[in-house]
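The residues making up each chain are set out below.
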Amino acid sequence: MKNNIDYYPHKAESHRHPKFKMLRASFNTIADGWAAEGRFWALNNIIALSADCILDLSKKRNIGVYAEELGLTVEEFSGLIGIFSGEDIELLTEVSDGCYTTDTVQETYNAVLKDREKAKDRYKKSVKITTSGENNNFSGENFKTSGEAGYKVNESEVNKMKLNEKEVKGKEGDSLSTFFSNETFSEEPTTSELDFVHDLYTIHTKIHDPNFETHLKPVAQLLTQIPEAMTKSDLELCIKEAFAKLNPSMGVKVGFLLSNIQAKITAKHEEILDKRKKKELAEAEKHRKEAEKRENSERFEFDKEDFLQCKSYFENNQVMFNMTEKAEIFRFLKENKVKEAMKLIKQKIEAAELV
C-alpha cells in the first residue's frame, strides 16, 4: 500500500502564523527570511513524498541530496534544519534521531492511511477475483489480473452502482457507460491507480469513502489508456486539475467529472502536439539556416581566389574609381555583399582590358 501522500492542505494565511513571522525575523535580511520560508515548504513537499512521510537525515549522504535540492551547502542545510526544529519556531518535529516530519503532513497522512485501509478492506469484501490456472497478487502495491480474470461485484454493490448511475443522468444526458465501457478500456486499473484516485476524492470532495465501481474505477481507468505523445504523468495532472475545480462542500456528479477530465486530456494532448510541431518547425528552420550557411561558405571558398584578385586590383587602381563607385563598393563590403562589390570591380577590369 502507498506509504506517502501527493497532497496536504496549505492554508492561505499560513505566512501570517507566528511561527513563520518568527522564522523570517531570524534572518538578517527580509529576502533571506522569505527564502527560508520558501525552502520550508519545499522541504514539506519532500517530507510528504518520503516513506511514511518522515524525512530521514540520519545519514550524511541524505543530507547532501536534500541540501542540493534546496540549493544549499550541507552546512547551510543543517543550520536551516536546526532553525526549523528549534524551540522558538517548531516547524519540524524530530520523531527519532535525525528523522523529521511536520504536523500538517502527518495529520494528512494518518487520515489518508485510514481511508486506504478501509478501501483495501472494502475491495476484498466487494470484489471477488477469479483466475484460471494461477493466483493473482493483491499485496497492496501490485494488483494484477490475467486476461481471463475479472471483477465480480456482489448484489448490494450492483444496486448501489445503479442508484449512483441514476444520479449522474439528467443534465448530463448519459449514464456512466457513456464515459466508461469494456470496449473502451481493456485493462483493469492497478491498486496504485485506484489509490491515486481515492486520495483525490478524500482531499477535494466530501466523499471520503468512494464507491469502487461508481467513483474510483471510472476515473482510474482513464489512466490505463495513454494517448500518443502523452505520458501517464500528463494524465494524472489532468485528473488532479479537474478534481481541484470541484466544490468540496457539494456532491460529485461523476459524469460531469469524467467529461471535464476528458476535456482537459484533449486540451493537453493538443498542447503537446502543438509544442512538438513548433519544435519540429524550429528544428527544420535551424537545419535550413545551417545548410544555407554551409552553402554560402562553400560558395565563398569557391570564389575566394577571384575575390582576392578583385581586392588587389581595387587597392592598386583606386584612381580608376570615382567617389560614387568607391562608396558603393565599401557599402557592399560592409553589408557582406561580396559578390556585388566584385561585380563593380570586374566591370572596371573589363573596361580597362578593352582600352
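Within every chain, residues take consecutive numbers counted from 1 along the sequence as written. Owing to the predicted nature of the model, reporting of local features is limited to residues with pLDDT of at least 70; listing and counting of side-chain atom pairs is limited to 80 or more, with chain, interface and lining totals taken over all residues. With hydrogens and water excluded, all non-hydrogen atoms of the structure serve as input to the side-chain values.

Draft legend 1. Broad picture of the overall build of the chain. Secondary structure elements follow DSSP: runs of H or I no shorter than four residues count as helices, runs of E no shorter than two count as strands, and numbering proceeds from the N terminus. The number of helices and strands found in the chain is 12 helices and 5 strands. Expressed as a percentage of its 355 residues, the buried residues of the chain come to 35%. Any pair of residues with heavy atoms lying within 4.5 Å of one another is described as a contacting pair. In the chain, of all internal contacts separated by at least 6 residues, the share reaching a separation of at least 24 is 64%. Summing over all exposed atoms, the chain offers an accessible surface of approximately 22,000 Å²; the carbon and sulfur share of this is 51%. Burial status follows relative accessibility: with a 1.4 Å probe on protein chains alone, a residue under 20% of its type maximum counts as buried, one over 50% as exposed, and anything between as partly exposed. Each accessible area is a Shrake-Rupley result for a 1.4 Å probe, and residues are judged covered by the shown protein chains and nothing else.

Draft legend 2. View of the packing of helix α2 (residues 30-49) against helix α4 (residues 74-85). Contact geometry for α2 and α4: axes closest at 11 Å, N-to-C directions at 90°. The angle between the axes of α2 and α4 places the two elements in the roughly perpendicular class. Side by side, α2 and α4 meet where A36, R39, F40 and L43 of the first sit next to F77, L80, I81 and F84 of the second. Residues are grouped as follows: Ala, Val, Leu, Ile, Met, Phe, Trp, Tyr, Cys and Pro are nonpolar; Asp, Glu, Lys and Arg are charged; all remaining types, including Gly, are polar. Across the contact of α2 with α4, the residue classes tally to 7 nonpolar, no polar and 1 charged. Every axis corresponds to a line fitted to the C-alpha atoms, with the helix fit spanning only the stretch in contact, and the corresponding angles, defined between N-to-C directions, vary from 0 to 180 degrees. When describing relative orientation, an angle under 35 degrees is termed roughly parallel and one over 145 degrees roughly antiparallel, while 65 to 115 degrees is termed roughly perpendicular and anything else oblique.

Draft legend 3. Main features of the pattern of salt bridges. Any Lys or Arg side-chain nitrogen located within 4 Å of an Asp or Glu carboxyl oxygen qualifies as a salt bridge. With the rule as written, the count across this model stands at 16 salt bridges. A salt bridge links K2 to D6; its shortest N-O distance comes to 2.5 Å. Here R16 ties to E13 by a salt bridge, and the two come within 3.2 Å at their closest N and O atoms. E13 carries the same exposure label as R16, and that label is exposed.

Draft legend 4. The side chain of R24, seen in detail. In this structure, R24 sits in helix α1 (residues 18-25). Apart from residues no more than four positions distant in its own chain, R24 is found in contact with H15, G33, W34 and E37.

Draft legend 5. Layout of the packing of aromatic side chains. Stacked, edge-to-face and tilted are the three classes for Phe, Tyr and Trp ring pairs, Trp counted by its six-membered ring, which pair at centre distances within 6.5 Å; planes under 30 degrees apart are stacked, over 60 edge-to-face, the rest tilted. Taken as a whole, this structure holds 8 aromatic pairs when the rule is applied. Ring geometry for F20 versus W41: centroids 5.6 Å apart, planes at 25°, classification stacked. Of this pair, F20 sits in helix α1 while W41 sits in helix α2, placing them 21 residues apart in sequence. Both residues of the pair, F20 and W41, count as buried. Judged by centre distance (5.7 Å) and plane angle (80°), the ring pair of F314 and F330 falls under edge-to-face.

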